[in-house]
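Structural description and commentary
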Amino acid sequence: MEKNAKIYVAGHRGMVGSAIVRELKRQGYADIITRTHRELDLCRQAEVEAFFAEEKPEYVFLAAAKVGGIVANSEALADFMYENMMLEMNVIHAAWQHGCKKLEFLGSSCIYPRLAPQPMKESCLLTSELEKTNEAYALAKISGLKYCEFLNKQYGTDYISVMPTNLYGPNDNYHPTHSHVLPALIRRFHEAKESRAASVTCWGDGSPLREFLYVDDLANLCVFLMNNYSGNETVNAGTGKELSIRELTELVAKVVGYEGEILWDTSRPNGTPRKLLDVSKAAQLGWTYRTELEDGIRLAYEDFLHNPVRAER
Ligand SMILES: NC(=O)c1ccc[n+]([C@@H]2O[C@H](COP(=O)([O-])OP(=O)(O)OC[C@H]3O[C@@H](n4cnc5c(N)ncnc54)[C@H](OP(=O)(O)O)[C@@H]3O)[C@@H](O)[C@H]2O)c1
(Lines give C-alpha, C1' and ligand atoms only; values in the text may rest on other atoms or scores of the structure.)
Protein backbone atom coordinates (compact mmCIF):
# COMPACT_ATOMS: atom_id res chain seq x y z
CA MET A 1 0.00 0.00 0.00
CA GLU A 2 1.36 3.40 -0.95
CA LYS A 3 1.27 5.89 1.95
CA ASN A 4 -1.17 8.09 0.01
CA ALA A 5 -3.43 5.19 -1.05
CA LYS A 6 -7.17 5.54 -0.47
CA ILE A 7 -8.09 2.98 2.17
CA TYR A 8 -11.59 2.05 3.38
CA VAL A 9 -11.87 0.44 6.82
CA ALA A 10 -15.35 -1.12 7.15
CA GLY A 11 -16.43 -1.38 10.80
CA HIS A 12 -14.07 1.34 12.07
CA ARG A 13 -16.02 1.87 15.30
CA GLY A 14 -15.62 -1.77 16.31
CA MET A 15 -12.75 -3.25 18.28
CA VAL A 16 -10.85 -4.57 15.24
CA GLY A 17 -11.71 -1.77 12.81
CA SER A 18 -10.70 0.95 15.27
CA ALA A 19 -7.39 -0.84 15.93
CA ILE A 20 -6.71 -1.06 12.17
CA VAL A 21 -7.37 2.70 11.82
CA ARG A 22 -4.97 3.39 14.75
CA GLU A 23 -2.30 1.19 13.17
CA LEU A 24 -2.69 2.73 9.69
CA LYS A 25 -2.36 6.24 11.16
CA ARG A 26 0.64 5.17 13.23
CA GLN A 27 2.33 3.94 10.04
CA GLY A 28 1.63 7.20 8.21
CA TYR A 29 -1.33 6.25 5.98
CA ALA A 30 -3.36 9.43 5.63
CA ASP A 31 -6.29 8.82 3.26
CA ILE A 32 -8.55 6.60 5.34
CA ILE A 33 -12.28 6.54 4.57
CA THR A 34 -14.87 5.39 7.09
CA ARG A 35 -18.68 5.28 7.46
CA THR A 36 -20.62 4.53 10.61
CA HIS A 37 -23.30 1.83 10.57
CA ARG A 38 -25.92 4.59 10.66
CA GLU A 39 -24.39 6.38 7.66
CA LEU A 40 -24.03 3.21 5.59
CA ASP A 41 -25.79 -0.06 6.37
CA LEU A 42 -23.55 -2.61 4.65
CA CYS A 43 -26.49 -5.05 4.39
CA ARG A 44 -28.10 -2.72 1.82
CA GLN A 45 -26.68 -3.61 -1.58
CA ALA A 46 -27.70 -0.45 -3.46
CA GLU A 47 -26.21 1.81 -0.76
CA VAL A 48 -22.95 -0.16 -0.70
CA GLU A 49 -22.64 0.00 -4.50
CA ALA A 50 -23.32 3.74 -4.52
CA PHE A 51 -20.66 4.25 -1.82
CA PHE A 52 -18.02 2.28 -3.76
CA ALA A 53 -18.95 4.00 -7.05
CA GLU A 54 -18.43 7.38 -5.40
CA GLU A 55 -15.36 6.71 -3.26
CA LYS A 56 -13.52 3.99 -5.25
CA PRO A 57 -11.19 2.92 -2.42
CA GLU A 58 -7.98 1.23 -3.58
CA TYR A 59 -7.65 -0.95 -0.48
CA VAL A 60 -10.36 -2.34 1.81
CA PHE A 61 -10.15 -3.87 5.29
CA LEU A 62 -13.45 -5.65 5.93
CA ALA A 63 -13.77 -5.59 9.74
CA ALA A 64 -17.53 -4.96 9.92
CA ALA A 65 -19.54 -7.92 11.17
CA LYS A 66 -22.35 -8.92 13.48
CA VAL A 67 -20.27 -10.34 16.32
CA GLY A 68 -21.15 -11.95 19.66
CA GLY A 69 -20.23 -14.58 22.21
CA ILE A 70 -21.75 -18.04 22.53
CA VAL A 71 -25.10 -16.83 23.95
CA ALA A 72 -25.69 -14.19 21.28
CA ASN A 73 -24.64 -16.59 18.52
CA SER A 74 -26.83 -19.48 19.56
CA GLU A 75 -29.90 -17.28 20.28
CA ALA A 76 -29.88 -15.61 16.87
CA LEU A 77 -28.58 -18.09 14.30
CA ALA A 78 -30.69 -16.64 11.49
CA ASP A 79 -29.68 -13.02 12.15
CA PHE A 80 -25.98 -13.94 12.39
CA MET A 81 -26.12 -15.75 9.06
CA TYR A 82 -28.19 -13.16 7.17
CA GLU A 83 -26.40 -10.01 8.30
CA ASN A 84 -22.88 -11.37 7.95
CA MET A 85 -23.52 -13.01 4.60
CA MET A 86 -25.21 -9.90 3.19
CA LEU A 87 -22.61 -7.40 4.32
CA GLU A 88 -19.68 -9.57 3.19
CA MET A 89 -21.11 -10.24 -0.27
CA ASN A 90 -22.10 -6.61 -0.76
CA VAL A 91 -18.72 -5.18 0.25
CA ILE A 92 -16.50 -7.75 -1.49
CA HIS A 93 -18.56 -7.66 -4.69
CA ALA A 94 -18.75 -3.85 -4.84
CA ALA A 95 -15.01 -3.59 -4.10
CA TRP A 96 -14.26 -5.87 -7.05
CA GLN A 97 -16.72 -4.09 -9.36
CA HIS A 98 -15.16 -0.73 -8.60
CA GLY A 99 -11.54 -1.77 -9.09
CA CYS A 100 -10.33 -2.18 -5.48
CA LYS A 101 -6.69 -3.39 -5.77
CA LYS A 102 -6.63 -5.45 -2.62
CA LEU A 103 -9.16 -6.43 0.04
CA GLU A 104 -8.54 -8.12 3.38
CA PHE A 105 -11.40 -10.04 4.92
CA LEU A 106 -11.55 -10.61 8.69
CA GLY A 107 -12.87 -13.99 9.74
CA SER A 108 -12.61 -15.94 12.95
CA SER A 109 -11.06 -19.18 14.20
CA CYS A 110 -14.59 -20.58 14.72
CA ILE A 111 -14.63 -21.40 10.98
CA TYR A 112 -12.52 -24.47 11.73
CA PRO A 113 -14.11 -27.85 12.48
CA ARG A 114 -15.27 -28.61 16.03
CA LEU A 115 -12.87 -31.53 16.34
CA ALA A 116 -9.99 -30.12 14.31
CA PRO A 117 -6.55 -31.44 15.34
CA GLN A 118 -4.84 -28.96 17.70
CA PRO A 119 -3.12 -26.60 17.07
CA MET A 120 -5.38 -25.80 14.11
CA LYS A 121 -3.71 -25.25 10.75
CA GLU A 122 -5.25 -23.17 7.97
CA SER A 123 -5.52 -26.36 5.90
CA CYS A 124 -8.06 -27.97 8.29
CA LEU A 125 -10.84 -25.72 6.92
CA LEU A 126 -13.88 -27.76 5.77
CA THR A 127 -12.37 -31.11 6.72
CA SER A 128 -15.19 -32.03 9.17
CA GLU A 129 -18.28 -30.71 11.02
CA LEU A 130 -18.55 -27.23 12.53
CA GLU A 131 -19.43 -26.40 16.15
CA LYS A 132 -23.27 -26.15 16.26
CA THR A 133 -23.50 -23.12 18.57
CA ASN A 134 -21.85 -20.79 16.05
CA GLU A 135 -22.56 -22.67 12.84
CA ALA A 136 -24.43 -19.76 11.23
CA TYR A 137 -21.63 -17.29 11.89
CA ALA A 138 -18.97 -19.76 10.73
CA LEU A 139 -20.82 -20.56 7.50
CA ALA A 140 -21.13 -16.86 6.71
CA LYS A 141 -17.42 -16.33 7.40
CA ILE A 142 -16.44 -19.34 5.28
CA SER A 143 -18.58 -17.93 2.44
CA GLY A 144 -16.77 -14.57 2.63
CA LEU A 145 -13.37 -16.25 2.58
CA LYS A 146 -14.39 -18.50 -0.32
CA TYR A 147 -15.86 -15.58 -2.28
CA CYS A 148 -12.45 -13.85 -2.07
CA GLU A 149 -10.78 -17.06 -3.24
CA PHE A 150 -13.24 -17.50 -6.14
CA LEU A 151 -12.80 -13.88 -7.30
CA ASN A 152 -9.03 -14.45 -7.28
CA LYS A 153 -9.45 -17.62 -9.34
CA GLN A 154 -12.04 -16.31 -11.80
CA TYR A 155 -10.96 -12.68 -12.16
CA GLY A 156 -7.36 -12.58 -10.95
CA THR A 157 -7.99 -10.30 -7.96
CA ASP A 158 -5.65 -10.15 -4.95
CA TYR A 159 -8.15 -10.56 -2.09
CA ILE A 160 -6.92 -12.18 1.12
CA SER A 161 -8.30 -13.22 4.49
CA VAL A 162 -7.07 -13.49 8.07
CA MET A 163 -8.51 -15.70 10.85
CA PRO A 164 -7.90 -14.37 14.36
CA THR A 165 -8.10 -16.28 17.61
CA ASN A 166 -9.96 -14.71 20.58
CA LEU A 167 -9.25 -10.97 20.63
CA TYR A 168 -9.39 -8.37 23.37
CA GLY A 169 -8.37 -4.75 23.87
CA PRO A 170 -9.64 -1.17 23.50
CA ASN A 171 -13.23 -0.79 22.25
CA ASP A 172 -14.21 -4.33 23.20
CA ASN A 173 -17.83 -5.23 23.86
CA TYR A 174 -18.48 -5.59 27.63
CA HIS A 175 -22.16 -6.51 27.41
CA PRO A 176 -23.07 -8.56 30.54
CA THR A 177 -24.40 -11.59 28.64
CA HIS A 178 -23.52 -11.07 24.95
CA SER A 179 -19.76 -10.53 25.14
CA HIS A 180 -16.75 -12.84 24.75
CA VAL A 181 -15.07 -14.53 27.73
CA LEU A 182 -12.20 -12.11 28.44
CA PRO A 183 -14.17 -8.82 28.36
CA ALA A 184 -16.98 -10.56 30.29
CA LEU A 185 -14.48 -11.52 33.04
CA ILE A 186 -13.06 -7.98 33.18
CA ARG A 187 -16.54 -6.60 33.75
CA ARG A 188 -17.56 -9.26 36.31
CA PHE A 189 -14.42 -8.89 38.41
CA HIS A 190 -14.59 -5.11 38.24
CA GLU A 191 -18.21 -5.13 39.43
CA ALA A 192 -17.40 -7.69 42.13
CA LYS A 193 -14.57 -5.46 43.37
CA GLU A 194 -16.83 -2.36 43.39
CA SER A 195 -19.63 -4.16 45.28
CA ARG A 196 -17.12 -5.93 47.58
CA ALA A 197 -18.63 -9.31 46.65
CA ALA A 198 -17.16 -12.21 48.65
CA SER A 199 -17.03 -14.50 45.61
CA VAL A 200 -17.45 -14.68 41.85
CA THR A 201 -18.86 -17.84 40.26
CA CYS A 202 -17.59 -18.84 36.83
CA TRP A 203 -19.01 -21.42 34.40
CA GLY A 204 -17.60 -24.94 34.12
CA ASP A 205 -14.50 -26.22 35.90
CA GLY A 206 -11.96 -23.79 34.42
CA SER A 207 -10.06 -26.51 32.56
CA PRO A 208 -10.59 -25.51 28.87
CA LEU A 209 -7.49 -24.13 27.20
CA ARG A 210 -7.76 -20.91 25.17
CA GLU A 211 -5.57 -18.45 23.27
CA PHE A 212 -5.88 -14.62 23.28
CA LEU A 213 -4.40 -11.95 21.00
CA TYR A 214 -4.26 -8.23 21.81
CA VAL A 215 -6.20 -6.39 19.11
CA ASP A 216 -3.45 -3.87 18.31
CA ASP A 217 -1.17 -6.81 17.50
CA LEU A 218 -3.82 -8.16 15.15
CA ALA A 219 -4.10 -4.73 13.46
CA ASN A 220 -0.32 -4.74 12.97
CA LEU A 221 -0.61 -8.15 11.30
CA CYS A 222 -3.52 -6.99 9.10
CA VAL A 223 -1.46 -4.10 7.69
CA PHE A 224 1.57 -6.39 7.37
CA LEU A 225 -0.43 -8.93 5.34
CA MET A 226 -1.91 -6.25 3.11
CA ASN A 227 1.67 -5.34 2.20
CA ASN A 228 3.31 -8.76 2.25
CA TYR A 229 0.86 -11.56 1.50
CA SER A 230 -1.11 -12.81 -1.50
CA GLY A 231 -2.82 -16.18 -1.65
CA ASN A 232 -6.12 -18.03 -1.49
CA GLU A 233 -5.50 -19.81 1.78
CA THR A 234 -6.25 -17.76 4.88
CA VAL A 235 -3.65 -16.78 7.52
CA ASN A 236 -4.16 -17.58 11.22
CA ALA A 237 -3.66 -14.75 13.69
CA GLY A 238 -2.74 -15.72 17.23
CA THR A 239 0.05 -16.03 19.74
CA GLY A 240 0.40 -19.81 19.58
CA LYS A 241 0.25 -19.76 23.42
CA GLU A 242 -2.62 -21.09 25.51
CA LEU A 243 -3.75 -20.97 29.13
CA SER A 244 -6.62 -22.51 31.05
CA ILE A 245 -9.77 -20.53 31.78
CA ARG A 246 -8.90 -20.97 35.48
CA GLU A 247 -5.50 -19.32 34.92
CA LEU A 248 -7.20 -16.60 32.88
CA THR A 249 -9.71 -15.78 35.65
CA GLU A 250 -6.86 -15.57 38.18
CA LEU A 251 -4.96 -13.21 35.89
CA VAL A 252 -8.00 -10.96 35.30
CA ALA A 253 -8.77 -10.90 39.05
CA LYS A 254 -5.15 -9.88 39.74
CA VAL A 255 -5.14 -7.08 37.14
CA VAL A 256 -8.53 -5.75 38.24
CA GLY A 257 -7.56 -6.01 41.92
CA TYR A 258 -10.36 -8.36 43.01
CA GLU A 259 -9.35 -10.28 46.13
CA GLY A 260 -12.46 -12.40 46.82
CA GLU A 261 -12.93 -16.08 46.11
CA ILE A 262 -13.38 -17.61 42.64
CA LEU A 263 -15.95 -20.45 42.58
CA TRP A 264 -16.73 -22.85 39.72
CA ASP A 265 -20.26 -23.94 38.74
CA THR A 266 -19.52 -27.36 37.27
CA SER A 267 -23.19 -27.87 36.28
CA ARG A 268 -22.51 -25.36 33.47
CA PRO A 269 -20.87 -26.49 30.20
CA ASN A 270 -17.13 -26.17 29.68
CA GLY A 271 -17.17 -25.82 25.90
CA THR A 272 -14.45 -27.23 23.65
CA PRO A 273 -11.53 -28.54 25.75
CA ARG A 274 -8.83 -26.88 23.67
CA LYS A 275 -8.73 -24.22 20.93
CA LEU A 276 -5.34 -23.16 19.70
CA LEU A 277 -4.23 -21.82 16.33
CA ASP A 278 -1.13 -22.99 14.52
CA VAL A 279 0.57 -19.67 13.82
CA SER A 280 3.58 -20.99 11.90
CA LYS A 281 2.37 -19.51 8.59
CA ALA A 282 2.35 -15.92 9.92
CA ALA A 283 5.73 -16.62 11.56
CA GLN A 284 7.17 -17.84 8.24
CA LEU A 285 5.96 -14.63 6.61
CA GLY A 286 7.97 -12.76 9.26
CA TRP A 287 5.33 -11.69 11.79
CA THR A 288 4.91 -12.42 15.48
CA TYR A 289 2.79 -10.93 18.30
CA ARG A 290 4.24 -8.37 20.76
CA THR A 291 1.85 -7.91 23.68
CA GLU A 292 1.96 -10.46 26.50
CA LEU A 293 -1.43 -11.34 28.01
CA GLU A 294 -1.02 -9.66 31.40
CA ASP A 295 0.15 -6.39 29.79
CA GLY A 296 -2.72 -6.54 27.31
CA ILE A 297 -5.32 -7.15 30.03
CA ARG A 298 -3.96 -4.10 31.90
CA LEU A 299 -4.40 -1.96 28.77
CA ALA A 300 -7.88 -3.38 28.15
CA TYR A 301 -8.93 -2.71 31.78
CA GLU A 302 -7.71 0.90 31.50
CA ASP A 303 -9.89 1.26 28.40
CA PHE A 304 -12.88 -0.33 30.17
CA LEU A 305 -12.55 2.20 33.01
CA HIS A 306 -12.27 5.20 30.69
CA ASN A 307 -14.62 4.23 27.87
CA PRO A 308 -18.02 3.89 29.61
CA VAL A 309 -20.19 4.22 26.48
CA ARG A 310 -18.66 1.21 24.82
CA ALA A 311 -18.58 -0.63 28.15
CA GLU A 312 -22.36 -0.24 28.46
CA ARG A 313 -23.17 -1.74 25.04
N1 LIG B 1 -13.81 -10.01 18.96
C2 LIG B 1 -13.14 -11.12 18.77
O3 LIG B 1 -12.70 -11.79 19.73
C4 LIG B 1 -12.86 -11.61 17.39
C5 LIG B 1 -12.16 -12.81 17.26
C6 LIG B 1 -11.88 -13.29 16.00
C7 LIG B 1 -12.31 -12.58 14.88
N8 LIG B 1 -12.99 -11.42 15.00
C9 LIG B 1 -13.43 -10.76 13.76
O10 LIG B 1 -13.10 -9.41 13.66
C11 LIG B 1 -14.12 -8.70 12.97
C12 LIG B 1 -14.55 -7.50 13.79
O13 LIG B 1 -14.93 -7.92 15.10
P14 LIG B 1 -15.02 -6.88 16.33
O15 LIG B 1 -14.73 -7.68 17.54
O16 LIG B 1 -14.26 -5.65 16.02
O17 LIG B 1 -16.58 -6.57 16.32
P18 LIG B 1 -17.31 -5.24 16.80
O19 LIG B 1 -16.50 -4.55 17.84
O20 LIG B 1 -18.71 -5.60 17.12
O21 LIG B 1 -17.28 -4.33 15.49
C22 LIG B 1 -18.01 -4.65 14.35
C23 LIG B 1 -18.37 -3.35 13.67
O24 LIG B 1 -19.13 -3.64 12.49
C25 LIG B 1 -20.21 -2.75 12.43
N26 LIG B 1 -21.33 -3.32 11.67
C27 LIG B 1 -22.01 -4.46 11.95
N28 LIG B 1 -23.00 -4.65 11.06
C29 LIG B 1 -22.93 -3.60 10.19
C30 LIG B 1 -23.69 -3.21 9.07
N31 LIG B 1 -24.72 -3.97 8.62
N32 LIG B 1 -23.35 -2.08 8.44
C33 LIG B 1 -22.33 -1.30 8.86
N34 LIG B 1 -21.57 -1.61 9.92
C35 LIG B 1 -21.87 -2.74 10.58
C36 LIG B 1 -20.60 -2.52 13.86
O37 LIG B 1 -21.34 -1.34 14.00
P38 LIG B 1 -22.51 -1.26 15.14
O39 LIG B 1 -21.84 -1.61 16.44
O40 LIG B 1 -22.97 0.14 15.02
O41 LIG B 1 -23.52 -2.28 14.71
C42 LIG B 1 -19.22 -2.44 14.53
O43 LIG B 1 -18.71 -1.12 14.48
C44 LIG B 1 -15.23 -9.71 12.72
O45 LIG B 1 -15.16 -10.17 11.40
C46 LIG B 1 -14.94 -10.84 13.65
O47 LIG B 1 -15.32 -12.07 13.11
C48 LIG B 1 -13.29 -10.92 16.23
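A few points on the structure. (Residues numbered from 1 in each chain as written. Predicted model: local features only at pLDDT ≥ 70, side-chain atom pairs only at ≥ 80, totals over all residues. Heavy atoms only, no water.)

Some details on the overall build of the protein
For the protein, the helix and strand inventory stands at eleven helices and twelve strands. The C-alpha radius of gyration computed for the protein amounts to 19 Å, which stays within 12% of the reference 20 Å derived for 313 residues, consistent with globular compactness. Dimensions of the protein along its principal axes, counting C-alpha atoms only, are 60 × 40 × 40 Å. Each of the 313 residues in the protein was classed as buried or not, and the buried ones make up 53%. Of all intrachain contacts in the protein linking residues separated by at least 6 positions in sequence, the fraction that spans at least 24 positions is 82%. Carbon and sulfur atoms make up 51% of the accessible area of the protein, which totals about 14200 Å². With 35 positive and 42 negative side-chain charges, the protein shows a spacing of 1 Å between the two charge centroids. (Helix = DSSP H or I, 4+ residues; strand = E, 2+ residues; numbered from the N terminus. Rg over C-alpha atoms; globule rule 2.2 N^0.38 Å. Buried < 20%, exposed > 50% of the residue type's maximum accessible area, 1.4 Å probe, protein only. Contact = heavy atoms within 4.5 Å. Areas by Shrake-Rupley, 256 points an atom, 1.4 Å probe, with all protein chains shown as cover. Lys, Arg positive; Asp, Glu negative; His and termini not counted. Charge placed at Lys NZ, Arg CZ, Asp CG, Glu CD.)

Details of unusual backbone geometry
That bond from Gln118 to Pro119 is cis: its omega, -10°, falls within 30 degrees of zero. Considering the arrangement of structural elements, one finds Pro119 in the loop between β4 (102-106) and α5 (135-155). Backbone geometry places Lys56, a non-glycine residue, at a positive phi of 45°. Relative to the elements of secondary structure, Lys56 occurs in the loop between α2 (45-55) and β3 (59-62). Phi is positive for Arg196, close to 50°, though the residue is something other than glycine. By the secondary structure assignment, Arg196 is in the loop between α6 (181-194) and β7 (199-203).

Regarding the sheet that holds strand β5 (residues 158-164)
Strands belonging to one sheet form pairs held by backbone hydrogen bonds; the direction of such a pair is parallel or antiparallel. Taken in spatial order, the six strands line up as β2-β1-β3-β4-β5-β10 in an open sheet, and their pairing is parallel. Each end of this open sheet is capped by a strand with a single partner; those strands are β2 (32-33) and β10 (235-237). Pairing of β3 with β4, which is carried by four bridges, proceeds in the parallel orientation. When the sheet's bridge partners are listed, Leu62 is paired in β4 with Phe105. Each of β4 and β5 is contacted by α5, which is oriented at about 155° to β5, the strand it contacts most. (Pairing = 2+ DSSP bridges. Axes fitted to C-alpha atoms, helices over the stretch in contact; angles between N-to-C directions.)

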